[in-house]
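Chain and residue survey
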Amino acid sequence: MRALKRKWLLTALIAAGLAALPATALADTTIGMTGGNGFCAHFGPSGQGGVWADTSYVVPSGGGTITSFSFLSDSTNTGQQLDFLVLRPVSSGNYTVVGKSGLVTLGGTGLETFPAQIPVQSGDILGFWTPNGQNVNNCGVSGNDEVITSGSVDDSTGGAIPLAPFFQGDLNEAATLVTSAATDLASLSKTVQGVGTGGSLANKVNQAQSQLASGDTAGACSTLSAFINQVKAQSGKGISPAEATQLISDAKEIEAKLGCRG
């Protein structure tokens, strides 16, 4: 059986317990999901670890910064260790580690979240490294996405890691992605196309983008304030109240990231 020839084996993956974490318009975004009772077993030499990754856990357009990783554990995970990774495709089947959480020890206490500070770009994927031939419980669940794995490797940043398709499923891993104000302005620019009377709202967002790009943060803050006031004025007229509420929330999220003063 081909799976048994590999140094890594993912078995008994079922969909029970899979839980996606919600995300809002321009607030922090969650990549991946947590849950499942699959088992990752390592049969390689002691002292060597290996990488698991999920090709469906992809950083969206615009990138940002990953500020935390999560894993849903139970008592069988107590003492097990993981190093959460961000991997970047460099060629067909090859990835490089561009950031990691550092080795963490699971407490077996349920949803566990670990801090990180990893700049990421569109197309990066999530994964984790398990050290020293260690088995990991609650590794993931079955599904339609592709889990890929390496042989026995370390988790050093910079080196190319060959990853190959191994199992159709989802890893028990989620990451919080914080986007930049520039990325959020670009998203808002697309949202307001054709919204409201004329093109005034879109023009204001475009102006804020230009100001931010030129380093004029104060100007961008002032333009966003004017944008919010204009949305309020058009609420219930050219813009539905619900749409206005969301646009105002999005603009205030960007103001917060820019450090605008109210």
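Now for a quick tour of the structure.

Focus on helix α4 (residues 241-258)
- Taking 1.5 Å as the rise per residue, α4 with 18 residues should run 26 Å; its terminal C-alpha atoms sit 26 Å apart, in good agreement.
- Residues of α4 that are buried: A244, L247, I248, D250, A251, I254, E255 and L258. One side of α4 carries all its buried residues, which in axial view fall inside an arc of 160°. Along α4, exposed side chains directed more than 90 degrees from the buried face belong to P241, A242, T245 and A256.
- Against the buried residues of α4 lie α1 (181-191), α2 (200-213) and α3 (217-234).
- Downstream of α4 by a residue or two, G259 has a phi angle that is positive, lying close to 75°.

Considering the nonpolar core
- The biggest cluster of nonpolar side chains holds 26 residues, and the ones touching the most others in it are I66, F69, L82, F84 and L126.
- Counting residues per element, the ones that place at least two in this core are β3 (29-34), β5 (49-58), β6 (64-72), β7 (81-91), β10 (111-120), β11 (125-130), β14 (164-171) and β15 (173-178).
- Considering each element in turn, this core owes the most residues, 4 residues, to β10.
- Ignoring sequence-local partners within four residues, the contact set of L82 consists of F71, G102, L103, V104, L106, F128, W129, T130 and V136.

Observations concerning the packing of aromatic side chains
- The final tally for this structure, using the stated rule, is 2 aromatic pairs.
- By the ring-pair criterion, three or more aromatic residues cluster together here, those being F69, F84 and F114.

A look at the pattern of salt bridges
- Counted by the stated rule, this structure contains 2 salt bridges.
- Residue D124 pairs with R88 through a salt bridge whose shortest N-O separation is 2.7 Å. Of this pair, D124 sits in the loop between β10 and β11 while R88 sits in strand β7, placing them 36 residues apart in sequence.
- Of the residues examined, R88 reaches a relative accessible area of 22% and is grouped as partly exposed.
- The closest approach of N and O atoms between D184 and K257, which form a salt bridge, is 2.7 Å. Taken together, the residues span a long stretch of sequence, with D184 in helix α1 and K257 in helix α4 at a distance of 73 residues.

What counts and what doesn't
Residues numbered from 1 in each chain as written. Predicted model: local features only at pLDDT ≥ 70, side-chain atom pairs only at ≥ 80, totals over all residues. Heavy atoms only, no water. Helix = DSSP H or I, 4+ residues; strand = E, 2+ residues; numbered from the N terminus. Expected span 1.5 Å × (residues − 1). Buried < 20%, exposed > 50% of the residue type's maximum accessible area, 1.4 Å probe, protein only. Arc of directions from axis to C-beta. Contact = heavy atoms within 4.5 Å. Core = buried A, V, L, I, M, F, W, Y, C linked by side-chain atoms within 4.5 Å. Phe/Tyr/Trp six-rings, centres within 6.5 Å; stacked < 30°, edge-to-face > 60°. Salt bridge = Lys/Arg side-chain N within 4 Å of Asp/Glu carboxyl O.

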